[in-house]
Amino acid sequence: MSDRIVSWHPNPSKPSFTPPPGAVDAHCHVFGPMDPFGFSPKAKYLPADAGPDMLFALRDHLGFEKNVIVQASCHGTDNAATLDAIAKSGGKARGVAVVDPDISEEELQALHHGGMRGIRFNFLKRLVDNAPKDKFLEVSKRLPAGWHVVIYFEADILEELRPFMDAIPVPLVIDHMGRPDVRQGPDGADMKAFRRFLESRDDIWFKPTCPDRLDAIKEGGQGDPWDAFAEAVAPLVEDYQDRVIWGTDWPHPNMQDEVPDDGHIVDMIPRIAPTEELQQKLLVTNPNRLYWSD
Ligand SMILES: O=C(O)/C=C(\CC(=O)C(=O)O)C(=O)O
């Protein structure tokens, strides 16, 4: 890897949709800054700096109040950049860490004091070299009280992951709905499988996020304004409205060939959550329950 990648829009538009007071962007990241927060030697992409100042400026521009910052794979298991951003937020950010499964209880408590409220297991082969389920399960059994596990996987391994996920004793939050093929529509095989999974326990939450990824032109979708995404996802949000949280996914890792306009991403919200009640749950009530209950 040589050149550092820019995957975010230089000048996102102002969305037409105004988020309700207290709205949380509950899936976003920071990249560095590389000095002093270097990237992992195992990183699969080397991004340009996208630090807390940029994230908080975008938050204000889009009309959000708080962020949940998810540790991105390019920082490996060193959570320093994410913790730094949380510390600089003045209480307006919390986070999800990525940890070495052998992490000690003391280190987990330190992450809690730094604002982390969950850990993330990433199963995307293009992002991580290995994902040891037995070790992940072991650490998920000794998390600080109130924490959850965020899992990122693609639809084709949902069934394979079921015994592992079923055994995790804390709430689960599934990134981007486990990446269903939204072109199959709301009743397609991927959505049906995801619904069966949601029915298996009532503490599985999910993010109806990333229209830009799931309806990307390079994936055979139609791109912005991502109509197939809206059509496939709106019924899922309606049916599981107490288990959804939402985020921009800024700075959109690996989306440099089809960089989304964050204003357009926000304008997807009323298309998948058309009533004020749904918007309040998706953006305020639900993320606050998961991340600011203490
Ligand atoms: O940001 C996301 O949610 C998705 C990512 C990046 C990622 O998860 C990571 O780097 O940790 C992706 O699909 O490349």
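Calculation criteria
Residues numbered from 1 in each chain as written. Predicted model: local features only at pLDDT ≥ 70, side-chain atom pairs only at ≥ 80, totals over all residues. Heavy atoms only, no water. Pairing = 2+ DSSP bridges. Helix = DSSP H or I, 4+ residues; strand = E, 2+ residues; numbered from the N terminus. Axes fitted to C-alpha atoms, helices over the stretch in contact; angles between N-to-C directions. UniProt positions renumbered as here; feature names shortened; annotations may be inferred. Near = heavy atom within 4 Å. Polar contact = N/O pair within 3.5 Å; in protein donor to acceptor, adjacent residues only side chain to side chain. Areas by Shrake-Rupley, 256 points an atom, 1.4 Å probe, with all protein chains shown as cover. Nonpolar A, V, L, I, M, F, W, Y, C, P; charged D, E, K, R; others polar. Parallel < 35°, antiparallel > 145°, perpendicular 65-115°, else oblique. Left-handed = near helix turned anticlockwise from the far one by under 90°. Contact = heavy atoms within 4.5 Å. Salt bridge = Lys/Arg side-chain N within 4 Å of Asp/Glu carboxyl O. Buried < 20%, exposed > 50% of the residue type's maximum accessible area, 1.4 Å probe, protein only.

## What about the sheet that holds strand β1 (residues 24–28)?
Overall, parallel pairing links the seven strands, which are arranged β1-β2-β3-β4-β5-β6-β7 in an open sheet. Two strands close off the open sheet at either side, each with one partner strand: β1 and β7 (204–206). Strand-to-strand, the axes of this sheet are offset by a mean angle of 25°, without reference to chain direction. Note that β1 and strand β2 (residues 66–70) share three bridges and pair parallel. What sits directly across from Asp 25, in β2, is Asn 67.

## Notes on the UniProt feature "domain: Amidohydrolase-related" (unreviewed entry) in the protein
UniProt tags residues 24–291 as "domain: Amidohydrolase-related" (unreviewed entry). With 38% helix and 12% strand, residues 24–291 has end C-alpha atoms that lie 10 Å from one another.

## Some remarks on the site of the ligand
By nearness alone, 16 residues border the ligand, and His 29, Tyr 45, Ser 73, Tyr 152 and His 176 come closest of all. For the ligand, an oxygen atom lies 2.8 Å from a polar atom in the side chain of Arg 120. Tyr 152 is positioned such that a nitrogen or oxygen atom in its side chain is 2.5 Å from an oxygen atom of the ligand. With the chains in place, 100% of the 350 Å² that the ligand exposes on its own is no longer accessible. Here the shell around the ligand is composed, by residue class, of five nonpolar, six polar and five charged.

## Remarks on the packing of helix α6 (residues 189–200) against helix α8 (residues 227–239)
Interaxial distance between α6 and α8 falls to 12 Å at its minimum, and their mutual angle equals 15°. With respect to their mutual orientation, α6 and α8 come out roughly parallel. Helix-helix and strand crossings are classified by hand; for α6 and α8 the assignment is right-handed. Residue-level contacts link Met 191, Phe 194, Arg 195 and Leu 198 of α6 to Ala 232, Val 233, Pro 235, Leu 236 and Asp 239 of α8. When the residues that make up the contact of α6 with α8 are grouped by side-chain class, the tally is seven nonpolar, no polar and two charged.

## Digging into the pattern of salt bridges
Per the counting criterion, the structure on display carries 20 salt bridges. A salt bridge links Asp 239 to Arg 195; the shortest N-O distance between them is 2.8 Å. Of this pair, Asp 239 sits in helix α8 while Arg 195 sits in helix α6, and the two are 44 residues apart along the sequence. Residue classification places Asp 239 among the partly exposed positions, given a relative accessible area of 46%. When its relative accessible area of 21% is taken as the criterion, Arg 195 is described as partly exposed. Three or more residues are tied together by salt bridges with common partners; here these are Arg 94, Arg 117 and Asp 294.

## Quick notes on unusual backbone geometry
For residues that are not glycine, phi is negative in most cases, and the peptide bond is trans in most cases. Here the residue pair Asp 224 and Pro 225 is connected by a cis peptide bond, since its omega of 15° sits within 30 degrees of zero. Its location among the elements puts Pro 225 in the loop between α7 (211–214) and α8. Note that the residue after Trp 250, namely Pro 251, is joined by a cis bond; omega there is 0°.

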